[in-house]
Amino acid sequence: MTTPAAGREAGELHVVGKGLPKVDAAAKVTGAIAYADDIDLPGMLFCKLLRSQHPYARIVSIDTSAARAMPGVVAVITGDDLPVKYGIMPTCEDELALEHEKVRFVGDPVAAVAAVDEETALAACRAIEVGYEPLEAVESIEQALVSPDDEPIHGYAGPANVHRLAALEFGDVDAGFAEAAHVREDVFFFEGNTHLPMEQHSATAQAVGDKVTLWSSTQDPHYVHRALAKVLGLPMGSVRVVAAPHGGGFGGKCDPFSHEIAVCKLSLMTGRPVKCTLTREEVFYTHRGRHPVLMWVRTGVDRDGRILAMHFRSALDGGAYGSYGPASTLYTGALQTTTYAIPAYRFEGARVFTNKAPCGPKRGHGTPQPRFALEVHLDKLAADLGIDPVELRRRNYVRPFTRTVNWLRITSCGLGEVTDRVLEASGYEHRVKRPGHGMGFAVSSYMCGAGLPIYWNTMPHSECILNVGRGGVTLLSGATDIGQGSDTVLATIAAEELGLSPGDIRLVTGDTGLTPVDLGSYSSRVTFMAGNAAREAAARMRELLVRAVAEEKGCAPDEVAVADGRIGLIAFEEAAALAEARFGALSTRGSYTPPQGIGGRYKGAGVGPSPAYSYSAAVVDLDADGRSGEIRVNKVWLGHDIGRSINELAVRGQVEGGVYMGLGEVLMEAQAYRDGLLRQPSMLDYKSLTFLDMPEVETILVETLDPEGPYGAKEVGQGPLLPVIPAVVSAVHEALGVWVDEVPVTPDKVVRALDARAKGKEPRYGPKSFPQIPYPPLVKVAPPDAATAAL
Amino acid sequence: MAVFVPTSLEELLTARAERPGLDLVAGGTDLVVEVNFGRHRLEDVASLSRVPELGGWRREGPAGPGGHLVLGSGLTYTEMLDPTLAELLPSLAQAARTVGSPQIRNAGTLGGNLGTASPAGDTLPVLAALEAEVLLGSAAGTRLVPLGEFVTGPKRTALAPDEVILAARVPVARGHQEFLKVGTRNAMVIAVCSVALVLDEQARQVRVGLGSVGPVPIRALEAERFAAEVVDWSTGRFSGGEADLRRFGELVGAAARPIDDHRSIASYRRRAVEVCARRALERTMSRQAA
Ligand SMILES: Cc1cc2nc3c(=O)[nH]c(=O)nc-3n(C[C@H](O)[C@H](O)[C@H](O)COP(=O)(O)OP(=O)(O)OC[C@H]3O[C@@H](n4cnc5c(N)ncnc54)[C@H](O)[C@@H]3O)c2cc1C
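Residues numbered from 1 in each chain as written. Chains lettered and ligands numbered in written order. Predicted model: local features only at pLDDT ≥ 70, side-chain atom pairs only at ≥ 80, totals over all residues.

**With respect to the overall build of chain A**
Summing up its helical and strand segments, chain A has 19 helices and 34 strands in all. The burial tally for chain A puts 61% of its 791 residues in the buried class. (Helix = DSSP H or I, 4+ residues; strand = E, 2+ residues; numbered from the N terminus. Buried ≥ 20, exposed ≤ 12 C-beta atoms within 10 Å, placed from the backbone.)

**Focus: the overall build of chain B**
Along its length, chain B carries 12 helices and 16 strands. For chain B, the C-alpha radius of gyration of 19 Å lies close to 19 Å, the compact-globule estimate for 290 residues. For chain B, the C-alpha atoms occupy an extent of roughly 60 × 45 × 30 Å along the three principal directions. When each of the 290 residues of chain B is scored for burial, the buried share is 47%. Within chain B, contacts between residues at least 6 apart in sequence are counted, and of these 65% link residues at least 24 apart. (Rg over C-alpha atoms; globule rule 2.2 N^0.38 Å. Contact = placed C-beta atoms within 7 Å.)

**Remarks on the nonpolar core**
C47(A), V113(A), A494(A), V728(A) and V732(A) are the most contacted members of the largest nonpolar core, which has 324 residues in total. Excluding residues that lie within four positions of it along the chain, A494(A) makes contacts with L466(A), V473(A), L475(A), I505(A), A534(A) and A538(A). (Core = buried A, V, L, I, M, F, W, Y, C linked by C-beta atoms within 7 Å.)

**Things to note about the sheet that holds strand β8 (residues 182-190) of chain A**
The strands making up a sheet associate through backbone hydrogen bonding, with each pair oriented either parallel or antiparallel. Residues and elements named next belong to chain A. Overall, mixed pairing links the seven strands, which are arranged β32-β8-β13-β14-β15-β7-β34 in an open sheet. Each of the sheet's edge strands pairs with one partner strand only, and the pair in question is β32 (742-743) and β34 (779-781). Taken together, the eight bridges between strand β14 (residues 307-317) and strand β15 (residues 345-352) define a ladder with parallel strand orientation. From the neighbouring strand, A315 faces β15, where its bridge partner is A350. Sitting on the sheet, helix α10 (residues 368-385) is in contact with β8, β13 (293-301), β14 and β32, with an inclination near 145° to β8. (Pairing = 2+ DSSP bridges. Axes fitted to C-alpha atoms, helices over the stretch in contact; angles between N-to-C directions.)

**Things to note about the pairing of strand β9 (residues 202-208) of chain A**
Residue and element names in this part refer to chain A. The buried fraction of β9 amounts to six of the seven residues, a majority that puts the element mostly inside the structure. Bridge count for β9 against strand β12 (residues 274-277) is four bridges, and the pairing is antiparallel. Paired with A203 across the two strands is C276, which belongs to β12. Sheet topology note: the β9/strand β10 (residues 211-216) ladder contains six bridges and is antiparallel. Residue A205 lies in a different strand from β10, and its bridge partner there is L214. Connecting β9 to the next strand, β10, in antiparallel fashion are two residues, including G209 with a positive phi near 60°.

**Considering helix α13 (residues 486-498) of chain A**
Each turn of an α-helix holds 3.6 residues, which means side chains three or four residues apart point in the same direction. Residues and elements named next belong to chain A. Taking 1.5 Å of rise per residue, 13 residues should cover 18 Å, and α13 covers 18 Å from first to last C-alpha, within 8% of that figure. In terms of burial, α13 is a largely internal element, 13 of the 13 residues being buried. Directly after α13, the chain includes G499, whose backbone phi takes a positive value near 70°. (Expected span 1.5 Å × (residues − 1).)

**Structural notes on the domain arrangement of chain B**
Residues and elements named next belong to chain B. By the assigned domains, chain B splits into domain 1 (3-171) and domain 2 (177-286). The C-alpha-based centres of domain 1 and domain 2 are spaced at 24 Å. Residue-level contacts link 22 residues of domain 1 with 25 residues of domain 2. Of all the secondary-structure elements, those providing two or more residues to the side of domain 1 that touches domain 2 are α5 (90-98), α8 (123-129) and β8 (151-153). Among the residues forming the side of domain 1 that touches domain 2, the class breakdown is 13 nonpolar, seven polar and two charged. (Domains from an automatic or database assignment. Nonpolar A, V, L, I, M, F, W, Y, C, P; charged D, E, K, R; others polar.)

**Let's talk about the confidence of the model for chain A**
Looking at chain A, the pLDDT average stands at 96 and 99% of residues meet or exceed 70. Considering only residues more than four positions removed or in separate chains, one finds that residues 1-7 of chain A, a stretch of pLDDT under 50, has nine contacts. (pLDDT = per-residue confidence, 0-100.)

**Overview of the packing of helix α6 (residues 221-232) of chain A against helix α7 (residues 258-270) of chain A**
All names here are of chain A. Between α6 and α7, the least distance of the axes is 10 Å, while the angle of their chain directions is 50°. Between α6 and α7, the angle is such that the two are oblique. Crossing hand, α6 versus α7: right-handed. Along the contact surface, α6 presents V224, L228, V231 and L232, while α7 presents E260, I261, C264 and K265. (Parallel < 35°, antiparallel > 145°, perpendicular 65-115°, else oblique. Left-handed = near helix turned anticlockwise from the far one by under 90°.)

**Examining the site of the ligand**
In the vicinity of the ligand there are 32 residues, among which A26(B), G27(B), G100(B), G112(B) and G115(B) approach most closely. Nearby residues place the ligand at the junction of chains A and B. Only β2 (23-25), α2 (31-36), α6 (102-107), α7 (110-116) and β10 (164-171) of chain B provide two or more residues apiece to the shell around the ligand. Broken down by element, the residue count for the shell around the ligand peaks at five residues, all from α7(B). (Near = placed C-beta within 6 Å.)

**Regarding unusual backbone geometry**
Residue and element names in this part refer to chain A. A cis amide bond links G158 with the next residue in sequence, P159, at an omega value of 5°. Relative to the helices and strands, P159 is located in the loop between α4 (141-144) and β7 (162-170). Of note, the amide linkage connecting V743 to P744 takes the cis form, showing an omega dihedral of 0°. If you trace the backbone, P744 turns up in the loop between β32 and α18 (747-758). The phi dihedral of W407 is positive, around 75°, even though this residue is not glycine. Residue placement: W407 occurs in the loop between β16 (402-403) and β17 (409-410). Notably, D675 is not glycine yet its phi reads approximately 50°, a positive angle. Positionally, D675 belongs in the loop between β28 (673-674) and β29 (677-678).

Laid out in structure tokens, this is it:
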């Protein structure tokens, strides 16, 4: 689907690529935007959830009578009122909005109260008596692999508390290792961490009769819509979900949640609007964040450092529920091949259940952990061989327009160029090494949207409707702006096609009752997919307007220029009137479905394929103290292959945000547990970078004009986070001569690595071994043949 | 719940005498957190912010050695950064600079830090090294309690139910002062460990207070005695070598009694306190004595 506009020179574009302010910037900075928690409806009730304080326990009794009798309490519900299970992935619908048989983590909801105010609702929650019979909590990956004395956390999957296993082989890995001049093995651990959005989750439901509308701070109203219809037992047409203006998601608002379901149920029961806003502490327990992952990687190379075979194993601590787990598991093995040409590749992955807050997708979903392991592993391999680590990577870089051993279709690829540009800008190759100072380099890639939907269907992933009339231009899209700027992107694309300014486009978005579908703001899919749909709708509208003007003026359509608020020489509004008079109501549609054949056909092939991949490279410069282990990052250079910037300001904002988040993850963030309890469920103790910790970021954008992206655009929301983490680890090694093979790289770990070296042991801190995991027999997949591999 | 807003010390002390255990709120930056986490239920509460006698600071006795500084319990961290006071008590100013964020520094007070008596309270090691006393008052009168006796355990103090912290009374010392803190980031961070170092040229003493490495602020007495031998008292600067710094660090580390908790681990705390201590002593060489 190569479109002529993809090749348009930047000079021909009027608003695409310009660093215009976001369309909602003024409303946001002046406080005019009403976020989910700002919603205030007449007669509204407030909901609070009673949550388990046990990590794992059987519920033997729930007595709500005292709570119901409290003045101001209007309704109390428990699991009996919402007995239908749900979950984001069809293969693991293992959640109940309110648990009534057992609780599986501290924070698991068991009852919900609607009352006249939050205080009363909270007091009523405290008055609910729940009888628990504690079970032995599962706290680690190792423990989850052993059959429990009590029952497993869930009644499906297994053995023991294993949730999901995967074992895939592409090409002949053993042969590759046999041929290798050098083979290296490493073990890594990436601690879990959480999203930390500025805005807590909040949802308000309003039922009228047996129909209900939910306003929620969600990233994917469509999936919430499906879950609500299922759990409430209502037809899809009776449920409407509106994504409220959003204060940050990062993947934390991608699942359907208990509070969303509870307020709908309570509103249907009481006939009054019901709101539930989570406290910050509840947000930490709601989680669905980065999985802790233990990894083992073995790579065989030839004498020149060319990879001959790789074997990658991962074990994910999934927490208490399935969530996106099966996808998360496969993601830890899927994208190694999108940066490096690996001729033979074996992946074995496992996800286990533990009695902790459930993990799910966070920016980079399942790929920052293996990317950290892979890049650091390659640094070590390079050192073994005495080859420069950048050079070793270059020798293995994938080529544009090829197919990987696991059948992923690579199209535009600026990997070499982003590498050149960050090296040049940072002076990496001319650095003078000195103790206590280090520079590190790493690369990565990320998807521009998942190639497949979460539930199997053949409908488009993104749809848009564009209306032009006497009320102006309105674009309807199911896409949800979670702060990433999708509204700006869609308005910019429509404006570009119609010769208008982004501010001229009225947007109606993320409303399952009004807008055509968009699968949601996850997997960096919106610019690419909703962007293409918007562009198609707008191009069709443009064609109608041009035709009307051409007919009126008696000229050929290609003589009618569209720019600066004019169609030909006629003002846009007049042209619209001409078109409406000729064609009737002006409404055009656009849809986007990812192309067929961008991935393989084996079981598990659904995770990894994307219509395009973005590429990033990072150089990090830091100082590290050889006594205290403290790390001070001085500067980060981040080169990113964006395809084309739809809005350069927004792209730079995403790069800086990604670097910020990556630095937080590698230096300090940890959703960690101590004695079975979440260590730091507060923003004071869960550490992320402050202004004083954030270094300068130099963003370098490379435009490769992807043939299928809208105007050539690719993603930027997630990719730039990825290389930052290994680049920091690499720089710490250069500064102090020790490897910290565990994220976050906190000063105490650095000190332990230094101490190990002082005692003559391996100068390293990190996991010592990888557990025995009962992986199933390998599914052997033949790699694409040479003809298919070169697109 | 009743809220009192006394406008004089007398009014406050009377209220406190009539209702022993009446909650006191100064900046509220500890108390409100406790309430929000459900660890403390507010009963009746008195606000201290309108009691003029608790605010500010003043000198008592001679300006130099022999005199005292009386720091009102209502003194905020921002006020500790006031140049005049910062010159007299540089280590306190350094500690104040590391506390929370601008908002917390504007609201949080010395009295609140003492009242909470957290092992991680940043003014406590400084007050320990300064050999401060805490001035307590009740309707019955006042008493002075040395800091080491005031803080009786983690978050436990010698404050009686009818008493209020009036001030910290600090002897004026001439000599270099340092405060160093290790945390996971550079702002909004509770100490993993902290070290206050005070040189008293008159008494020829080096005094070292340690925070976050024990249930209460710790004085590293053996390290202090050792350090006094390696300071050139004619210049008030450290005059030893690398071996002395190492020894000093080790002695400070030996004095620490750290534990593992949700912020760090004991072994790292001991290491960090050693590093901070040697850095503090080293810095006396490069900077002008106060
Ligand atoms: C975001 C954040 C960051 C923080 N960072 C730091 C930090 O870096 N370092 C640090 O040390 N602390 C920090 N704190 C803790 C807190 O700010 C300090 O302990 C502060 O000094 C408390 O003072 P306050 O006036 O707010 O106390 P309040 O909360 O008002 O009171 C605390 C306790 O002391 C009692 N009290 C207060 N005044 C008196 C008095 N005159 N007489 C008797 N009892 C009294 C109160 O009854 C209460 O029990 C932080 C807190 C927050 C919320």
